[in-house]
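What follows is the residue order along each chain.
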Amino acid sequence: MLTLDLDYGQGPERIVTSLWSLAQWERKTSRKIPQIATDGIGMDDLFFLAHATLVHRGAEVPKNLDQFIQQLVSLDLVDTTEPVGPTK
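Here's a quick rundown of the structure. Predicted, not measured: the structure shown is a model, and the values here were computed from it. (Residues numbered from 1 in each chain as written. Predicted model: local features only at pLDDT ≥ 70, side-chain atom pairs only at ≥ 80, totals over all residues. Heavy atoms only, no water.)

## Details of the pattern of salt bridges
And step 1. By the definition in use, this model includes four salt bridges.
And step 2. A salt bridge links Asp5 to Arg14; the shortest N-O distance between them is 2.7 Å.
And step 3. On the basis of relative accessibility, which here comes to 53%, the residue Arg14 falls in the exposed class.
And step 4. Its salt-bridge partner being Arg57, residue Glu13 comes within 1.9 Å of it at the nearest N-O pair. Linking Glu13 in strand β2 (residues 13–16) with Arg57 in the loop between α3 (43–56) and α4 (65–71), this pair joins segments that are 44 residues apart in sequence.
And step 5. Judged by relative accessible area, Arg57 falls into the partly exposed class, the value being 46%. (Salt bridge = Lys/Arg side-chain N within 4 Å of Asp/Glu carboxyl O. Buried < 20%, exposed > 50% of the residue type's maximum accessible area, 1.4 Å probe, protein only. Helix = DSSP H or I, 4+ residues; strand = E, 2+ residues; numbered from the N terminus.)

Now the structure itself:
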């Protein structure tokens, strides 16, 4: 999962991509998620993942990706190298 900080006109928010949005991204790009580590991820990829995640959870965003991108105020990928969950 990827964590994104974004503002799409509703104020700053942190979201975590869903399995559904990741699957949609793979279908759209014909790439596999592990390729992100080697090939990197572009802004269009992040826009798509943010939009798909928000649509999936029922947020009020434009159904059209380009319209969603036009209303974005900010979008940042959160560093995912921090430990997740309990540590020993």
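## Describing the nonpolar core
And step 1. If you look at the biggest cluster of nonpolar residues, it comprises 21 residues, and the most contacted ones within it are Leu6, Tyr8, Ala50, Leu54, Phe68 and Leu75.
And step 2. Those elements giving two or more residues to this core turn out to be β1 (3–7), α1 (19–29), α3 and α4.
And step 3. Among the elements that line this core, the one with the most residues is α3, at seven residues.
And step 4. Residue contacts for Leu6: discarding those within four places in its chain leaves Gly11, Pro12, Glu13, Ile15, Ala50, Leu54, Phe68, Leu72, Ser74 and Leu75. (Core = buried A, V, L, I, M, F, W, Y, C linked by side-chain atoms within 4.5 Å. Contact = heavy atoms within 4.5 Å.)

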